[in-house]
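# Residue-level structural notes
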Amino acid sequence: IVLTEDPSLPPAVRIKLNNKSIELGDQTKKGTRVKVYGRILNVRAQKNATFIDLKDGYGTLQCVLPAGNLTKTYDALLFAQETALVLHGEMKQVPPAQKAPDNRELHVDYYKVLGAAPSDLDAISNKVSRQSDPWNVEMLDNRHLVLRGENASAVMKLREAVELAFVDTYRDMDFHKVSPPAMVQTQVEGGSTLFKYDYYGEEAYLTQSSQLYLETVIQSLGNVYAIEKSFRAEKSLTRRHLSEFTHVEAEMDFIEFEDLLEHLEEIISRIVDRVLADPRSAEYVKLLNPGFQKPTRPFMRMKYADAIDWLNQQEPPILNEEGNPHAFGDDIAEAAERRMTDIINRPIFLTHFPVEIKAFYMKKDPNDLRVTESVDVLMPGVGEIVGGSMRMEGYEELIEAYKKNGIGHEPYYWYTDLRKFGTSPHGGYGLGLERFLAWIANRHTVREACLYPRFMGRCKP
Ligand code: 4AD
């Protein structure tokens, strides 16, 4: 059977599936005749009709093909998940006692398959089985197909909404956006996670953070931010480490440490408000993380030294990586940090980390020179999502800090110069977009918040 379109029918109006302004028909009135392009999400052949749930990236629509010529074509026999097609028909209300998205369905009178999909062993449902561990090799290799799924695509749409919420919120707060380079010759967060490469015969790196560059423009642009990729040659395969991640970074001039903390609380709250205020992004949060609740303010604040005591006071104590009680100066490793965040179960501003375990540029606390004016923001389920600090202001002090950290100061001349040409109390932070998403969308790992995650051992597809 070859289908032809009945020329006596009214012309079909092309719509996207999220268009809800289409006039629906019922027994007494005709609905609008439309044309929809999409792919098959599900197909159910029943005695009287074949039902196709169609998706087009904007929405879903139930399409009804009455049994007869429409269901007897060769194409119809091979309908499979992901088959691409265009369907024409009349939009109607769903009969009472039946259910379909938006309470409407398309009564199809003509269709054309544009791209078939396999319905045999190669069918998408066999390649990306819903039962299997979402992060086994097969699922990772088939990420391009996994992204066809409802949850994976909802995370991507939520990611876009969060990124735009940052752009809009920074605009409201009068921050300027800049775009620092990704190819650099200086480190920011330690040599052990630098990706090195050959740059026309010179040693160069993929940037770990745009921070140093942001610091060079607050003098002329005022408060600034960047949303760029950062790269870390992390040698650990954890739930929250990527080799390539999206870094939301901001730098503020003429502030005190307290201003930095207040700003962080404000921006996190505003982003959550914005995401929940938009019905589309709110829907993705509801789908992915139905129990999500906006954190209450003020956020808890805890000094590093108090966190060490807290870990040791638990029953049984939460030990460090060597299996000993925590001591001042220890890194609070991922496992301990996660335990703490999950037990406390609310956002924590962890502040005043010891000088020795933090980056070279951090300003010391004038009241206690053992520690820095630094903050990590920890979220339940994820742990650290933000790292920030006040920056060293003095020229000599900075030169000393390079030395202490075994960094040659020459390549940093442009950064050091900031301390020579009108230095100022300033500070900023970096927020991992994927970690923020893992928190708000309750994902098991940050990998789910990436289109194509990059981590140790994986650089494809
Ligand atoms: O704490 P980090 O290393 O701080 C900096 O890079 C500062 N220079 C930022 C600044 O002050 N402008 O990283 C900041 C945040 C972390 O809290 C985390 O959310 C994210 O960046 N991040 C990573 N996310 C995924 N994978 C990794 N390997 C990450 N490393 C850092």
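By convention here, each chain's residues receive numbers from 1 onward along its written sequence. Whole-chain, interface and lining totals are the exception, using all residues; otherwise, since this is a predicted model, local features are given only for residues with pLDDT of at least 70 and side-chain atom pairs are given and counted only at 80 or more.

In short, DSSP must find at least two bridges between two strands for them to pair. Numbering of helices and strands starts at the N terminus; helices are DSSP runs of H or I of at least 4 residues and strands are runs of E of at least 2. The strand order across the open sheet built from 3 strands is β8-β10-β9, with neighbouring strands paired in antiparallel fashion. One side of each edge strand has no neighbouring strand; the edge strands of this open sheet are β8 (183-184) and β9 (196-199). For β8 and strand β10 (residues 202-206), the ladder comprises 2 bridges, and the chain directions are antiparallel. Bridge pairing in β10 places methionine 183 opposite leucine 206.

So, on to the UniProt feature "domain: Aminoacyl-transfer RNA synthetases class-II family profile" (unreviewed entry) in the protein chain. UniProt positions are given in the numbering used here, feature names are shortened, and annotations may be inferred rather than shown by experiment. UniProt feature "domain: Aminoacyl-transfer RNA synthetases class-II family profile" (unreviewed entry): in the numbering of this structure it lies at residues 156-453. Span residues 156-453 is 34% helix and 22% strand, its end C-alpha atoms 12 Å apart.

Within a predicted model, pLDDT stands for the predictor's per-residue confidence, ranging from 0 to 100. Per-chain confidence: the protein chain averages 95 in pLDDT, with 99% of residues scoring 70 or above. Here the predicted complex carries an ipTM of 0.99, next to a pTM of 0.95.

The criterion for a residue being near a molecule or strand is simple: its C-beta atom, placed using the backbone, must lie within 6 Å of it. Taken together, 24 residues form the shell around the ligand, and within it Ser209, Gln211, Gly387, Gly430 and Gly432 come nearest. When residues of the shell around the ligand are traced back to their parent elements, those giving at least two are β12 (244-253), β18 (383-390), β19 (426-432) and α15 (433-440). Following the grouping adopted for this structure description, the nonpolar residues are Ala, Val, Leu, Ile, Met, Phe, Trp, Tyr, Cys and Pro, the charged ones are Asp, Glu, Lys and Arg, and the polar ones are all others, Gly among them. Within the shell around the ligand, the residues separate by chemical class into 8 nonpolar, 9 polar and 7 charged.

The next subject is unusual backbone geometry. Here the amide bond leading from arginine 297 into proline 298 is cis, since omega sits at -5°, within 30 degrees of zero. You can see proline 298 is positioned in the loop between α10 (279-288) and β13 (300-303). The step from glutamate 315 to proline 316 runs through a cis peptide bond, and the omega angle for that step is -10°. You can see proline 316 is positioned in the loop between α11 (304-313) and α12 (334-344).

Moving on to the nonpolar core. In this structure, Val162, Leu264, Ile271, Val377, Ile385, Phe436 and Leu437 are the most contacted members of the largest nonpolar core, which totals 71 residues. Ranked by the residues each element gives to this core, the list is headed by helix α9 (residues 257-277), at 9 residues. C-beta atoms are placed from the backbone for every residue, and two residues are taken to be in contact when these atoms lie within 7 Å. Dropping the residues within four chain positions of it, isoleucine 271 is found in contact with Val162, Ala165, Phe166 and Thr169. One finds Leu17, Ile52, Leu70 and Met91 within the second-largest nonpolar core, a separate group that totals 18 residues. In this usage, the nonpolar core is the set of buried Ala, Val, Leu, Ile, Met, Phe, Trp, Tyr and Cys residues whose C-beta atoms join them within 7 Å. With C-beta atoms placed from the backbone, a residue counts as buried when 20 or more other C-beta atoms lie within 10 Å of its own, as exposed when 12 or fewer do, and as partly exposed for counts between those limits.

It is common to give the size of an interface as the accessible area lost on bringing the parts into contact. Split into domains, the protein chain comes out as domain 1 (13-115) and domain 2 (143-449). Where each domain starts and ends comes from a domain assignment, either automatic or drawn from a database. Once you take the C-alpha centre of each, domain 1 and domain 2 turn out to be 47 Å apart.

Our next topic: the sheet that holds strand β14 (residues 348-351). Reading across the sheet, the 8 strands line up as β7-β11-β12-β19-β18-β17-β14-β13 and stay open at both edges, with mixed pairing between neighbours. The strands lining the two open edges of the sheet, one partner per strand, are β7 (176-177) and β13. Of the strand pairs in this sheet, β12 and β19 are connected by 7 bridges, and their pairing is antiparallel. Looking at β19, one finds that aspartate 253 is bridged to histidine 426.

A regular strand places its side chains on the two faces of the sheet in alternate fashion. Summarising burial for β19: 7 of the 7 residues are buried, a large majority. With burial as the criterion, each face of β19 is covered, one bearing His426, Gly428, Gly430 and Gly432 and the other bearing Gly427, Tyr429 and Leu431. As defined by bridge partners, β18 adjoins β19 across 5 bridges and the pair is classed as antiparallel. Looking across to β19, one finds that serine 389 is bridged to glycine 428.

Turning to its location among the elements, glutamate 251 is positioned in strand β12. As for glutamate 251 and arginine 274, which are separated by 23 residues in sequence, their C-alpha atoms are 22 Å apart.

With respect to the helices and strands, the residue valine 2 is situated in the segment before β1 (13-14). For valine 2, a count of 7 C-beta atoms within 10 Å puts it in the exposed group. When the C-alpha atoms of valine 2 and threonine 73 are compared, they prove to be 6.9 Å apart, with 71 residues separating the residues in sequence.

Glancing now at the environment of tyrosine 197. Relative to the elements of secondary structure, tyrosine 197 occurs in strand β9. Take tyrosine 197: there are 11 C-beta atoms within 10 Å of it, and that puts it in the exposed class.

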